[in-house]
Structure formats: structure tokens, C-alpha cells
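# Structural description and commentary
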Amino acid sequence: IAVVILDLQPGPGQLSAFRKLQTSAESAGAAKHLDTWVSPELGKYSWIKAASPYLRHSGVLAFLPNRKGPKDLAEDAQNPVLILPISNRRTVAAILRRHLKADGVDGYFDPTSKVRVAIVEDNVVVAQSAQDLAAIKACAADSSQSLSSLGAYQKARKSIDSDANLMVFASESEFEPSHGD
């Protein structure tokens, strides 16, 4: 398993630095350049463009363990799960209903990108497979082991600042399948 957490919400001690970065980026026209680069890609996915005002400035990219046999991170990397916090569940749910095809209970399918999308708590979850989407929902419902419950993750998390903006955790050994299952 591998998880990358990007949190662009400044902590109390980071406000000044974030303001300086924002001012510098604005004066350099970074937003315009980024929009020129990103907009054509996002334009292919009407639901992303419509939901973008409700996305918060953070996200999680998780590479879940392979459930079909020996684990191979390179194979898992082909099916990442993206978790994006949102500010308005009701509005984003309406956007998903309007732009995507219903795919089971509380889930949608994007025929353009072939991904499954669901709202889980206050997050939009994007996954390649229904199985990975179900795994995230199970963690949220406390019916499955989550990364945050693992000792190795807790130890790693404690070793970095609480307001870290980029965190990467990778541990294949924590998710060895039980031979009794």
C-alpha cells in the first residue's frame, strides 16, 4: 500500500508563508498558466469542472493492496484511488447525478474516463474499480481496517510535523493477506 497526502490548507504557523506564495504566484501569472494547462484536460470531464468550486485544497492519492494474489506495487499503481474533500455534499451529489451514470448504491460511473465516483462522508472518491470504491466505503463505515489504525502509520505520522503539507506513506508488509481467510 502507498498513500500520498497533499494538504494545501495552511496551519497557523504557515499563514504568512502561504500568503507570500500566493502573492508571488499571482504576480507571476501562475494561475493563468496553470489554467491554460489544466482546463483542456478538465474540460473532457464535465463533472470535475462543475464540482471544482466545491473541492477543498487537499487530497489523498492511495494505491490499495492487490486483492487477487501476490502483491505487486507496480500493478497496484495502475488503479489508484483519489480522495478529494468537498465543501458541499448536497451540491456535489447533484452535480454527479447530472453528469454521470448511476452505478449501484450511491455511486456513479464516468464513461469518458471509465472511473467510478462516489461521495463518502465529505469526500469525492474516484476509483478505477467498484471493489476499490467499496474498500474505501468500508473503511469509512469502520467495517474494514484503515491505514490510520496501523501502528506503522501512527508511528510515521507522529514523526512529522502536525501541519505537514505533503506526506507519503508506503508499506507493503502491513497488508499481508491472512492465510486463514
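Since this is a predicted model, take the numbers as computed values, not measurements.

What counts, and at which threshold
- Residues numbered from 1 in each chain as written.
- Predicted model: local features only at pLDDT ≥ 70, side-chain atom pairs only at ≥ 80, totals over all residues.
- Heavy atoms only, no water.
- Helix = DSSP H or I, 4+ residues; strand = E, 2+ residues; numbered from the N terminus.
- Buried < 20%, exposed > 50% of the residue type's maximum accessible area, 1.4 Å probe, protein only.
- Contact = heavy atoms within 4.5 Å.
- Areas by Shrake-Rupley, 256 points an atom, 1.4 Å probe, with all protein chains shown as cover.
- Pairing = 2+ DSSP bridges.
- Axes fitted to C-alpha atoms, helices over the stretch in contact; angles between N-to-C directions.
- Patch = residues over 30% accessible without salt bridge, like charges linked within 9 Å, V, L, I, M, F, W, Y side chains within 5 Å.
- Salt bridge = Lys/Arg side-chain N within 4 Å of Asp/Glu carboxyl O.
- pLDDT = per-residue confidence, 0-100.
- Polar contact = N/O pair within 3.5 Å; in protein donor to acceptor, adjacent residues only side chain to side chain.

Across its full length, the protein chain carries seven helices and eight strands. Put simply, the protein chain has 181 residues, and 28% of those count as buried. Sequence-distant contacts, at least 24 apart, represent 61% of the contacts inside the protein chain between residues at least 6 apart. When the accessible surface of the protein chain is totalled, it reaches about 11500 Å², and 55% of it is carbon and sulfur.

The subject of this paragraph is the sheet that holds strand β6 (residues 115–120). Across the sheet, eight strands lie side by side as β4-β5-β6-β7-β3-β2-β1-β8; this open sheet has antiparallel pairing. The open sheet has two free edges, formed respectively by β4 (101–102) and β8 (166–170), since each of these has just one partner strand. Examined bridge by bridge, strand β1 (residues 2–7) and strand β2 (residues 58–63) share six bridges and lie antiparallel to one another. Pairing of D7 across the sheet is with S58, part of β2. Packed on one face of the sheet, helix α5 (residues 89–99) meets β5 (107–110), β6 and β7 (123–127) and runs near 155 degrees to β6.

A separate point is the pairing of β1. With five bridges connecting them, β1 and β8 associate as antiparallel partners. Residue pairing in the sheet places I5 in a bridge with M167 of β8.

With that settled, consider the pairing of β5. Along any regular strand, the residues point their side chains to alternate faces of the sheet. In this sheet, β5 lies alongside β4 in antiparallel orientation, the contact comprising two bridges. Bridging from a neighbouring strand, K101 pairs with F109 of β5. Inspection of the sheet shows β5 paired to β6 by four bridges, in the antiparallel sense. If you follow G107 over to β6, its bridge partner there is A118.

As a further point, take a nonpolar patch on the surface. On the surface, L6, L8, L166 and V168 cluster together to form a nonpolar patch covering roughly 380 Å² of accessible area. Inspection of the secondary structure assignment puts V168 in strand β8. Take V168: its relative accessible area is 62%, and that puts it in the exposed class.

A few words on the confidence of the model for the protein chain. Per-chain confidence: the protein chain averages 77 in pLDDT, with 76% of residues scoring 70 or above. The element-level mean pLDDT for the protein chain is lowest in helix α4 (residues 73–76), coming to 48, with α5 highest at 94.

Let us now look at unusual backbone geometry. Positive phi values are uncommon outside glycine, yet K114 reaches one of about 65 degrees. The residue K114 is located in the loop between β5 and β6 in this model.

Along the sequence, K114 and A127 sit 13 residues apart, while their C-alpha atoms lie 9.2 Å from each other. Not counting the four nearest positions on each side in its chain, K114 is found in contact with F109 and Q128. A polar side-chain atom of K114 sits 2.8 Å from the main-chain carbonyl oxygen of P111.

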